[in-house]
Amino acid sequence: MAEVTIEKLHKSYGTVEVLRDINLTVSDGSFVVLVGPSGCGKSTLLRSVAGLEPISSGHITIGGRDVSALAPAQRDIAMVFQSYALYPHMNVENNMAFGLKFAGTPKDEIARRVGEATRILQLEPLLKRRPKELSGGQRQRVAIGRAIVRQPKVFLFDEPLSNLDAALRINTRVEIAKLHKLLKATIIYVTHDQVEAMTLADKIVVMNQGRVEQVGKPLELYYRPANLFVARFIGSPAMNTLTAELSRDGRSVSVGGVGLPVTVGAAAAPGAVTLGFRPEHCSIGKAGVPAKVDIVERLGETGYVHCRAADGTMILVEVKGDPELEQGADVRVAPAAGHLHLFDGTGARIPEA
Amino acid sequence: MRKPVSAFAVHGILALYTALALFPIVLVIMNSFKAKRAIFNTPLQPPMPWNFDPIGYVKVFGDSAISTYYMNSITVTVGTIFFTLLFGAMAAWALTEYKFRWNTALAIFLSIGIMVPIRLGSVSIIQLVSELNLINTLTALILVYVAQNLPLAVFILSEFIQQIPKDLREAGRCDGLSEYNIFFFIILPLLRPAMATVAVFTMIPVWNDLWFPLLLAPTGGKQTITLGVQQFLGQYITDWNAVLAALSTAIVPVLVLYVIFSRQMIRGLTSGAVK
């Protein structure tokens, strides 16, 4: 297992820059998830690490070795593809052993490794089957098995769960988490699903338009998003964001004519800011931002009240049980103290005092 | 579902066409078992005990030259299929997978080869073969036929290669296979149905060709069977028994090859590779 570092990585297709100045360290044995909307460059970054995509400039090192110019096979990586990419003309056993045969691994060693992967992934009854005789989840496990037998320094997963149905996805997610504990492997994992990211990752890398927006532990991103993009991307349902005014003394923001107390650092400039708070961190009460109820969604245990603020911005409020609210009712939304996020004109977080 | 009436009509038309296409072949096979007099007097009558005569087959199998001609035809056809498939698949793989200078130009050049009949170049081909001292060799025939069939083979195989998921090649690269190994152990096995199609397209015109054997290997025991049959066709006397028997037996090897290849033409071999 090994550490992966990415330094000043740039990648462009012609004049289009798809990766801009990526700097990232994946420490030994950690599980790093690259997450972002489609087209943000997360898969391209993963494929660059794999060596399937040539980079325009920068360096990638795996285990202290600069692999930027090496072929995929020489990088000590194994990749699990979104489409699984099993060899259709070979049975499960040969699919796993195929790469090792070409690497000149001794026969008994191949048998040992395939046996071990078979045991870990419970593939025993499937060994003689062809990929077309397997279900989606089974194919997924074979694809992971093919990665395991290579005993790579780094595992790369490219949206491995997106072809599975919802129930199987949750199962497999748990399996992958267990596998990571068992193998103590360095894993880089790409997904667009933030639930996968939050549950699996030691560290999440949020990407947008070819840039890294924020790197941090899952809850760090949730509680202290570095900018508006991360704030809106992490968390489901998404964070409410309203335009507000920071007072001169920096002790309150006014939104919709209502003042809310905040504590910001001395460096913060007063004036127009964006106020953010999560649906689960606010309530409908007597005080707060005035709004009209638009739609109420009742899910049983919780409900979501969609409100419209005076300036037309939608505010979503999570409530317990069945809220007795009618469409068009005037309400006030009160964000919970300590859960307010302020962002300046460029979208960057205004740090708390 | 198609209506039964129109399905019946379609099958009727196809059956009629089949009968029409098979008629001359059946006629040749039938008459090859008959005595010479019966061939001319009652050509449409199937072989019966009173007109049965295997003299044609006796002559054909008794003539040692004929078996040589068979071997020549088989060698040329199998050789042509082998090299057409090998080089065709390799060229198709290179043209679809790798981006290099002249990639497009080369593809266009090959597609011109599909349109221009190779026989237009017969004179220069004879000159070339004669300069290379390959007149009256099977090598000359194989070279010419491979050249003739390569463009279409490349064209068809490229289409199939494009359908092979890109992830498979990349999985191979991650597994540490060299580009040659990816081609031989991942791409070629998946191309089997396409190659069988190309093989069938290739072998029938090659087997039946009279033109190039006549120009490039007319003597010296290097005649193919289609050319070899001509020895029974004289200016004044034609040994019809032998001609018909030789033609009938000439169907067999190509039929065997066809059966071999058509078994490979299974659809859906790539299913299960990717979701």
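These lines cover the structure that appears in this document, whether it is placed above or below. (Residues numbered from 1 in each chain as written. Chains lettered and ligands numbered in written order. Predicted model: local features only at pLDDT ≥ 70, side-chain atom pairs only at ≥ 80, totals over all residues. Heavy atoms only, no water.)

### Concerning the overall build of chain A
From N to C terminus, chain A includes eight helices and 20 strands. Taking the principal axes of its C-alpha atoms as reference, chain A extends roughly 75 × 45 × 35 Å. Buried positions account for 52% of the 353 residues belonging to chain A. Taking contacts inside chain A between residues at least 6 apart in sequence as the whole, the part at least 24 apart equals 64%. By element, 51% of the accessible surface of chain A is carried by carbon and sulfur atoms, the whole surface being about 15900 Å². Positive and negative side-chain charges in chain A, numbering 41 and 37 respectively, have mean positions lying 5 Å apart. (Helix = DSSP H or I, 4+ residues; strand = E, 2+ residues; numbered from the N terminus. Buried < 20%, exposed > 50% of the residue type's maximum accessible area, 1.4 Å probe, protein only. Contact = heavy atoms within 4.5 Å. Areas by Shrake-Rupley, 256 points an atom, 1.4 Å probe, with all protein chains shown as cover. Lys, Arg positive; Asp, Glu negative; His and termini not counted. Charge placed at Lys NZ, Arg CZ, Asp CG, Glu CD.)

### Description of the packing of helix 4 (residues 136-149) of chain A against helix 5 (residues 166-183) of chain A
Residues and elements named next belong to chain A. Two numbers describe how helix 4 lies on helix 5: the axes approach to 11 Å, and their chain directions differ by 15°. The angle between the axes of helix 4 and helix 5 places the two elements in the roughly parallel class. At the point where helix 4 passes helix 5, the crossing takes the right-handed sense. Together, Gly137, Gln140, Ile144 and Ile148 of helix 4 and Leu168, Thr172, Ile176, Leu179 and Leu183 of helix 5 make up the contact between the two elements. (Axes fitted to C-alpha atoms, helices over the stretch in contact; angles between N-to-C directions. Parallel < 35°, antiparallel > 145°, perpendicular 65-115°, else oblique. Left-handed = near helix turned anticlockwise from the far one by under 90°.)

### Overview of the interface of chain B and chain A
Across the contact, 22 residues belong to chain B and 24 residues belong to chain A. Across the chain B/chain A interface, buried area totals approximately 2100 Å², and carbon plus sulfur atoms make up 62% of it. On inspection of chain B and its partner chain A, the count reaches one salt bridge. The closest approach of N and O atoms between Arg47(A) and Glu170(B), which form a salt bridge, is 2.7 Å. When contributions to the side of chain B that touches chain A are tallied by element, the ones reaching two or more residues are helix 8 (166-174) and helix 9 (179-190) of chain B. In terms of residue count, the dominant contributor to the side of chain B that touches chain A is helix 8 of chain B (seven residues). Of the residues contributing to the side of chain B that touches chain A, the split by class is eleven nonpolar, six polar and five charged. (Buried area = accessible area lost by both parts, 1.4 Å probe. Salt bridge = Lys/Arg side-chain N within 4 Å of Asp/Glu carboxyl O. Nonpolar A, V, L, I, M, F, W, Y, C, P; charged D, E, K, R; others polar.)

### Details of the side chain of Thr226(B)
Residues and elements named next belong to chain B. Counting through the fold element by element, Thr226 comes out in helix 12 (residues 225-228). A relative accessible area of 18% places Thr226 in the buried class. When residues no more than four places from it in sequence are discounted, the contact partners of Thr226 are Trp207, Asn208, Asp209 and Leu210.

### Comments concerning the nonpolar core
Formed by 80 residues in total, the largest nonpolar core has its most connected members in Leu156(A), Ile188(A) and Leu191(B). The dominant element in this core, judged by the number of residues it contributes, is helix 4 (residues 64-97) of chain B, at nine residues. In this structure, Leu191(B) is in contact with Ala89(B), Leu157(B), Phe160(B), Ile161(B) and Ile164(B), ignoring residues within four places of it in sequence. Core analysis: the second largest hydrophobic core is formed by 44 residues, Val35(A), Val80(A), Leu86(A) and Ile187(A) among them. (Core = buried A, V, L, I, M, F, W, Y, C linked by side-chain atoms within 4.5 Å.)

### Let's talk about the packing of aromatic side chains
The final tally for this structure, using the stated rule, is 17 aromatic pairs over all chains. Between the aromatic rings of Tyr87(A) and Phe98(A), the centroid separation amounts to 4.9 Å while the plane-to-plane angle is 65°, which identifies the pairing as edge-to-face. You can see Tyr87(A) sitting in the loop between strand 6 (77-80) and helix 2 (92-102) and its partner Phe98(A) sitting in helix 2, a full eleven residues away along the chain. Each member of the pair, Tyr87(A) together with Phe98(A), is buried. Ring plane angle 85° and centroid distance 6.2 Å describe the contact between Tyr145(B) and Phe212(B), whose orientation is recorded as edge-to-face. One end of the pair, Tyr145(B), is in helix 7 (residues 138-163); the other, Phe212(B), is in helix 11 (residues 211-216), and 67 residues separate them in sequence. In this structure an aromatic cluster arises from ring pairing among Phe31(A), Phe155(A), Phe157(A) and Tyr189(A). In this structure, Arg146(A) is placed above the aromatic ring of Tyr87(A), and the distance from its NZ or CZ to the ring centre is 4.8 Å. Between the NZ or CZ atom of Arg278(A) and the centre of the ring of Tyr222(A), over which it lies, the distance is 4.3 Å. (Phe/Tyr/Trp six-rings, centres within 6.5 Å; stacked < 30°, edge-to-face > 60°. Lys NZ or Arg CZ within 6 Å of the ring centre and 35° of its normal.)

### Digging into the sheet that holds strand 17 (residues 302-309) of chain A
Residues and elements named next belong to chain A. Strands sit in the order 15-19-16-17-18 across an open sheet of five strands; the sheet is antiparallel. The sheet is open, and its two borders are formed by strand 15 (282-285) and strand 18 (314-320), each paired with just one other strand. Sheet twist, expressed as the mean angle between neighbouring strand axes with direction ignored, is 45°. Here strand 16 (residues 289-298) runs beside strand 19 (residues 330-335); their pairing, made up of four bridges, is antiparallel. What sits directly across from Val289, in strand 19, is Val333. (Pairing = 2+ DSSP bridges.)

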